[in-house]
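# Survey of secondary and tertiary structure
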Amino acid sequence: MQRRTFLASLSAVAGAASVGVPASAEHDANKSELDLVSGDGSHHPGPPRFTRVGEGFVNPNGNEGETRNDLAPWNPDGDAEYSWSVVDAPADATTEPTDAPVAEFEPDAPGEYTLALDAPDGTHELTVRVFDRENANDARPRIDLDADVEGDRVMLSATTEIVEDADTSPDDLDVEFYVDDRDSLSLDEGPAVPADLDEPVRVHAVAVGERHSVADAIDIVPGDDGVSIEYPYEPPEYAKNGVIYEIFTRRFPDEDDRSFDNIASHLDHVEELGADVLWMTPFVSTDRGYGTPESQGGPHGYHTTDYFEVDPDLGTMEDLEALVDAAHERDIRVVFDLVINHTADTHPFFQTANRTGREGHEKYKDWYRWDDFETRDADTYFGWSAIPNLNHENPEVRQFLLDVVDFWVEKVDGFRCDVAWGVPMSFWKEIYDRIKSHDSEFYLLDESWPYDVDQGEGQFDVHYDDALMEALEAAPNDAEGILDAVEERRYRGAHPDSVFMQWAENHDTDRYKARTSRSASMAAGAATCTLPGVPTIYAGQETGLDGYRDWMNWGDFDEELFAHYKNLVELRQNHAALQTDAELERIEYGANADDIVAYARHDPESGERVVVALNFGTSARNVRLGDYVETTDLITGEDADVESGDGHTDVTVDHAVVLSAAESADESADQSLAAPPEPSGGDSIPGFGVAAGAAGAAGAGGAAARLADRGSESGDDSDDDAA
């Protein structure tokens, strides 16, 4: 695994202001020892943009859970002037961008637009392709862009796809190619790019049918041995096939030693479990640190009071540096919870904005969004009244937050981006470009409920999967739904390189075991480790905790549960058929209950295939499979409880079983596998269904609604779930 190095010692920024007395509100002093640039370093607003009539680029107050967008200069100078205009547009277009440096634009006619950004370093043109109105409930196509060098030309090619039950087939899809506006080049016929390039060229492509796809991009890069093709939206390999371990930072250490040092002392547990990405909830200065009552979510840290200092109750910056070093010694990467949607209402910026007559008031009131400034009613989400939303339409705010990004990018290995849907996608595009140009291995995970597939277009590597989380919630009554949820990714049109974080619980939810049963939680853990995506374990999930933000139960583990998760992680990391890119196959199986599901995973390259059977019920179930499975349970390494005969294999499943399978199970595809008899003493639920076709996942707004409900239960000041 690649090791990280720091450009400079963190000791220069050690120490922190005490909670409630944060550092100076001065924002224009560059706090980062690393000065990154976005794109080519100019104010050019980035890659071509794709939208549709009725959508556009808007960033309204409210609308919880909906992603925002806008048009903005990159590398913004907060003191500079910027303006937008339309240079070229379809004949029947009438709309203009709003009169602001960071503009909204709602085109009213389909076609290709050219917008101009007048900036201090000149005028920059941006292509905006607007498609006609679309039915957002229809399946969305996907595109995978590639290229081959043929003589003196680089020939572009694209693979398109759409789910089988869509009205449009891949053959009906058109493909449109666009050279990035920052590259002075026109496409040849074919389409093609000359191979004798002096500078890299980025090409974008989009598939168009009844709906348009998320765009894909490639970089054509000249070198001494000719041109090479790079894939800027492709995540690091470890991000695709790692295992995330989330800790609630202020409840993971021992109660009598609540420090970075103590957290570091428990990294052997993470290593033994087999996880290789450590996601830490916020550890910067906050007014929701130790001492925060349970009614306000406990000491969660999402109310930032200083972006450049660690919480002194956890230790110093040197202590954090030692923790990161200790993680790297164990080949564990550390992901920092980046909170740039809002600040605490005790942050000096908001305190200054909120008080007329205070020096800097007129400036800082424009750093926040307001529902009604006269009544000091700040824009917030879900009633999270103590965390006012930042105003990303202000270039000064973006300049400051880019300094925050630069400050942390050399101190950690990745960001989990809090309330990602609340920050405009244009800003995430700039952050992604800025970071990846510096370190392509940096990890970017978004928190979006429901996930927006457009965030796979050069914004994030890994995405929350709200559909699977909802399906796991319902699995004790409808286990087959977890397969529908995975297929929902294709139906929504997720970028082919997008990777999904698979989770049953985290710091914002009740424990899955408490919501269902211990046995169901073991099945859910097996699902997250055997479906195509990134398994995520929330500290305490593997040791038997029942409270969603309880202290870690050191010395009081559910040892059987821990062994189960340890075996699952090892299984996931050592079998090609369980890696993210391996195929998910629906199979025919027999069961006498709706809390049972079985499926296969297949790796075409190695030929490896496994069959997974999960039981989300509270008692053992018999599952009938074809006779192509072997008899060793790969989770435990021991013989499974199986009986074979008459072309089938019956396996008893307590919670999860994984079996190796023949390279091809086609022989069993036409068999009718009747439900086997239940184990003696087992509960029987009538009826079972062989796998159905792709279906819609559970309601996309459900997770966000639960957060809103939790906030309302705790009173006006309960901003505990702003995470």
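The numbering scheme is per chain: residues are counted from 1 as the chain's sequence reads. Thresholds applied to this predicted model are a pLDDT of at least 70 for local features of residues and 80 or more for the giving and counting of side-chain atom pairs; totals over whole chains, interfaces and linings are not thresholded and use all residues. Water and hydrogen atoms were dropped before computing side-chain values, which therefore reflect all heavy atoms in the structure.

Considered as a void within the structure, the second largest pocket measures approximately 860 Å³ in volume. Lining the second largest pocket are 30 residues; nearest its centre among them are R142, R490, P532, T580 and A582. Mapped by element, the contributors of at least two residues to the lining of the second largest pocket are β5 (142–150), α10 (481–492), β22 (499–502) and β24 (583–586). Gly is placed with the polar residues, together with every amino acid not listed as nonpolar (Ala, Val, Leu, Ile, Met, Phe, Trp, Tyr, Cys and Pro) or charged (Asp, Glu, Lys and Arg). In the lining of the second largest pocket, the residues fall into twelve nonpolar, four polar and 14 charged. Buried and open spaces are told apart on a 1 Å grid over the protein atoms alone, a cavity being a set of points where a 1.4 Å probe fits but cannot get out and a pocket being an open set with protein on both sides within 12 Å along at least five of seven lines. Residues with an atom within 4 Å of a point are the lining residues. Grid points are joined across faces, edges and corners, and a volume is the space filled by probe spheres set on the points. Think of it this way: any DSSP run of H or I at least four residues long counts as a helix, any run of E at least two long counts as a strand, and we number them from the N terminus.

Turning next to the nonpolar core. The tendency in soluble globular proteins is for nonpolar side chains to be buried side by side. The set of buried Ala, Val, Leu, Ile, Met, Phe, Trp, Tyr and Cys residues whose side-chain atoms join them within 4.5 Å is what this entry labels a nonpolar core. Only protein chains enter the accessibility calculation, which uses a 1.4 Å probe; a residue whose area is less than 20% of its type maximum is buried, one above 50% is exposed, and one in between is partly exposed. Y245, W408 and F415 are the most contacted members of the largest nonpolar core, which has 75 residues in total. The next biggest cluster of nonpolar side chains, apart from the first, holds 51 residues, and it includes I482, V486, A504 and A591.

Our next topic: the side chain of N622. Tracing the sequence through the fold places N622 in strand β28 (residues 621–626). Assessed through its relative accessible area of 11%, N622 is described here as buried. N or O atoms closer than or at 3.5 Å make up a polar contact, with two conditions inside protein: a donor-capable atom paired with an acceptor-capable one, and, for residues adjacent in sequence, both atoms drawn from side chains. For N622, the side chain forms a polar contact with the side chain of T652, separated by 2.8 Å. By definition, residues are in contact when any of their heavy atoms lie within 4.5 Å. For N622, the contacting residues outside a window of four places in its chain are G590, A591, V651, T652, P676, P677, E678 and P679.

This part is about the packing of aromatic side chains. Aromatic ring pairs are described here by two measures, namely the spacing of the ring centres and the angle between the planes. Here the aromatic set is Phe, Tyr and Trp, taking the six-membered ring for Trp, and pairing holds for ring centres within 6.5 Å; pairs whose planes are under 30 degrees apart are stacked, those over 60 apart are edge-to-face, and all others are tilted. What the rule picks out here adds up to 33 aromatic pairs. Aromatic side chains F350 and W370 sit 5.5 Å apart centroid to centroid with 20 degrees between the ring planes, which places their arrangement in the stacked category. Taken together, the residues F350 in helix α5 (residues 348–353) and W370 in strand β17 (residues 370–372) connect sequence positions 20 residues apart. Residue F350 shares its accessibility class with W370, and that shared class is buried. Ring geometry for F407 versus W408: centroids 5.2 Å apart, planes at 80 degrees, classification edge-to-face. Of the two residues, F407 and W408, neither departs from the other in class, the shared state being buried. The positively charged end of R258 is found above the aromatic ring belonging to Y290, 5.1 Å away from the centroid. Residue placement shows R333 over the ring face of Y238; its charged tip is 3.7 Å from the ring centre. Note on criteria: charge over ring means Lys NZ or Arg CZ within 6 Å of the ring centre, with the direction from the centre no more than 35 degrees off the ring normal.

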